[in-house]
2 protein chains.
Amino acid sequence: MADPLLTSAGYLLLKAGTHFHTLIDATLAELGLNGRQLLVLTFTGSEDDLSQQMLSVRLGLDPTIIVALVDELEDRGLVVRERDPDDRRRHRLRITAKGRKVHAAAVRAVATAEKEFLAPLDRGDREALRDALVTMMTPRLPWMSGGTD
Amino acid sequence: MADPLLTSAGYLLLKAGTHFHTLIDATLAELGLNGRQLLVLTFTGSEDDLSQQMLSVRLGLDPTIIVALVDELEDRGLVVRERDPDDRRRHRLRITAKGRKVHAAAVRAVATAEKEFLAPLDRGDREALRDALVTMMTPRLPWMSGGTD
DNA sequence: TATTGTTATACTCTATAACTATA
DNA sequence: TATAGTTATAGAGTATAACAATA
């Protein structure tokens, strides 16, 4: 059972990712959200007047997918679309007060789930893991240096 | 841009997982394989006379998905199905010599891709990352202690 | 002529249920 | 009656292309 592939850092990284994804989905489902919707709230909450195009770049999703995604959040009163007066093709997305409340609750829930997921690690291991992930992923998450994904 | 959620260990873990998944898919595509097929070769190569049911448990996939998965590998001569004489409902899956060659090449390719992916980390960080992943995931990968996934 | 947002369509993947052959 | 494998069908999710409004 000590197959080198199955105990490699890469494979374990894939497995950790999918397991955590499952956990987060279950956690957010209790709030009626999914991970994608939480990210929309996060980005609209931290960046003003985001267009749907910009959002699609942030999320790494096709712009056509953004439509239904924003539709539902707007129907639930968590974000609003406003025509950009400077370029009337664009929608400016804004989070609502209600959206901020839901976002805050979701962030707390995710933090709790993360704590549970990382529980097998001691404090030093947790910090080492996070440091390694930051080092590895920062150059690959272009919005941190101003771009995609 | 220093949004706490987007720089959390959990989110970066998800991102690392999907990025690595994309890299592995591209890497294996050059060999005409995908990650799932590589795992089938890995499990049939290390465990004798695996049934499709057992394989479905190992992979965490519905048994109905296994059919087409094994079909294609069998068509390409990488694994074979043999009726289990002790229970003629069962198929015993066996990797072929050709399958072992393809498997070995794929494992080498994945190792190279992993090295590239972890390149931003120094040796100590890489070991810390792998240790943390092993600690975190070993109790969650039941076949390591004899079960699912 | 190009771009934003939108809609419609086709394709892939998966889950569910039903079938067969064996037990 | 239950199980291993298989097949068929329906649903979710996605990508592609086409369209309207605006630039």
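First things first, this report covers the structure right here in the doc.

Looking at the protein's contact with DNA strand D
The immediate surroundings of DNA strand D are formed by 16 residues, with Arg36(A), Gln52(B), Gln53(B), Arg81(B) and Arg89(B) found nearest. Among all atoms of DNA strand D positioned within 4 Å of the protein, those belonging to sugar or phosphate total 75%. The backbone of Arg88(A) places a nitrogen or oxygen atom 2.9 Å from a phosphate oxygen of DNA strand D. Note that a phosphate oxygen of DNA strand D is positioned 2.9 Å from one of the side-chain N or O atoms of Arg81(B). When contributions to the surface near DNA strand D are tallied by element, the ones reaching two or more residues are helix H4 (63–75) of chain A together with helix H3 (52–59) and helix H4 (63–75) of chain B.

Description of the environment of Ile65(A)
Relative to the elements of secondary structure, Ile65(A) occurs in helix H4. Residues Ile65(A) and Lys15(A), spaced 50 residues apart in sequence, show a C-alpha to C-alpha distance of 26 Å.

Digging into the packing of aromatic side chains
Following the criterion strictly, the structure yields 2 aromatic pairs over all chains and no others. Ring geometry for Phe20(A) against Phe117(A): centres 5.1 Å apart, planes inclined by 50°, an arrangement best described as tilted. Within this pair, whereas Phe20(A) is found in helix H1 (residues 9–29), its partner Phe117(A) is found in helix H5 (residues 97–117), the two being separated by 97 residues in sequence. Across this residue pair, the class does not change: Phe20(A) and Phe117(A) are buried. Here the guanidinium or amino end of Arg140(A) rests over the ring plane of Phe117(B), the centre of that ring lying 4.3 Å away.

Topic: the relation of the copies chain A and chain B
Copy one and copy two of the chain differ by a rotation about a common axis and a shift along it. The transformation that overlays chain A on chain B combines an axial shift of 0.0 Å with a rotation of 180°, and the residual RMSD is 0.1 Å. In short, the pair behaves as if placed about a two-fold rotation axis. An overlap of 100% is found between the interface residues of chain A and their copies at the interface of chain B, pointing to a shared contact surface.

Some remarks on the nonpolar core
Core analysis: the largest hydrophobic core is formed by 84 residues, its most contacted members being Leu55(A), Leu59(A), Met136(A), Leu55(B), Leu59(B) and Met136(B). Setting aside anything within four residues of it in sequence, one finds Met136(B) in contact with Ala16(A), Phe117(A), Leu118(A), Pro120(A), Leu121(A), Leu129(A) and Leu13(B).

Focus: the side chain of Gln37(A)
The topology assignment puts Gln37(A) in helix H2 (residues 35–46). Not counting residues up to four positions away in its chain, the partners in contact with Gln37(A) are Gly32(A), Leu69(A), Glu72(A), Leu73(A) and Arg76(A).

Focus on the protein's contact with DNA strand C
Of all residues adjacent to DNA strand C, which total 16 residues, the nearest are Gln52(A), Gln53(A), Arg81(A), Arg89(A) and Arg36(B). Counted by atom, the contact set of DNA strand C within 4 Å of the protein is 72% sugar and phosphate. Arg81(A) places a side-chain nitrogen or oxygen 2.8 Å from a phosphate oxygen of DNA strand C. The contact in question runs from a base oxygen of DNA strand C to an N or O atom on the side chain of Arg89(A), over 2.9 Å. Among the secondary structure elements, those contributing two or more residues to the surface near DNA strand C are helix H3 (52–59) and H4 of chain A together with H4 of chain B. Here the residues of the surface near DNA strand C sort into 2 nonpolar, 6 polar and 8 charged.

Points about the interface of chain A and chain B
Frequently, the measure chosen for interface size is the accessible area that the parts lose on association. The partner chain B presents 46 residues to the 45 residues of chain A that form the contact. Together chain A and chain B conceal approximately 4,700 Å² of surface at their shared face, both sides included; 77% is due to carbon and sulfur atoms. Taken together, chain A and chain B are joined by 6 residue pairs in polar contact (both at pLDDT 80 or more). For the side of chain A that touches chain B, the element with the most residues is H1(A), which contributes 12 residues. Grouping the constituent residues of the side of chain A that touches chain B by class yields 28 nonpolar, 9 polar and 8 charged.

Some thoughts on the side chain of Thr96(A)
All names here are of chain A. Counting through the fold element by element, threonine 96 comes out in the loop between strand E2 (91–95) and H5. Under the relative-accessibility criterion, threonine 96 is labelled buried at 17%. Among the polar contacts listed, one links the side chain of threonine 96 to the backbone nitrogen of glycine 99, at a separation of 2.9 Å. In this structure, threonine 96 is in contact with Gly77, Leu78, Val79 and Val80, ignoring residues within four places of it in sequence.

Rules used in this analysis
Residues numbered from 1 in each chain as written. Chains lettered and ligands numbered in written order. Predicted model: local features only at pLDDT ≥ 70, side-chain atom pairs only at ≥ 80, totals over all residues. Heavy atoms only, no water. Near = heavy atom within 4 Å. Polar contact = N/O pair within 3.5 Å; in protein donor to acceptor, adjacent residues only side chain to side chain. Helix = DSSP H or I, 4+ residues; strand = E, 2+ residues; numbered from the N terminus. Phe/Tyr/Trp six-rings, centres within 6.5 Å; stacked < 30°, edge-to-face > 60°. Buried < 20%, exposed > 50% of the residue type's maximum accessible area, 1.4 Å probe, protein only. Lys NZ or Arg CZ within 6 Å of the ring centre and 35° of its normal. Least-squares fit on C-alpha atoms with pLDDT ≥ 70 in both. Contact = heavy atoms within 4.5 Å. Core = buried A, V, L, I, M, F, W, Y, C linked by side-chain atoms within 4.5 Å. Nonpolar A, V, L, I, M, F, W, Y, C, P; charged D, E, K, R; others polar. Buried area = accessible area lost by both parts, 1.4 Å probe.

No statement about biological role is implied by the geometric values presented.
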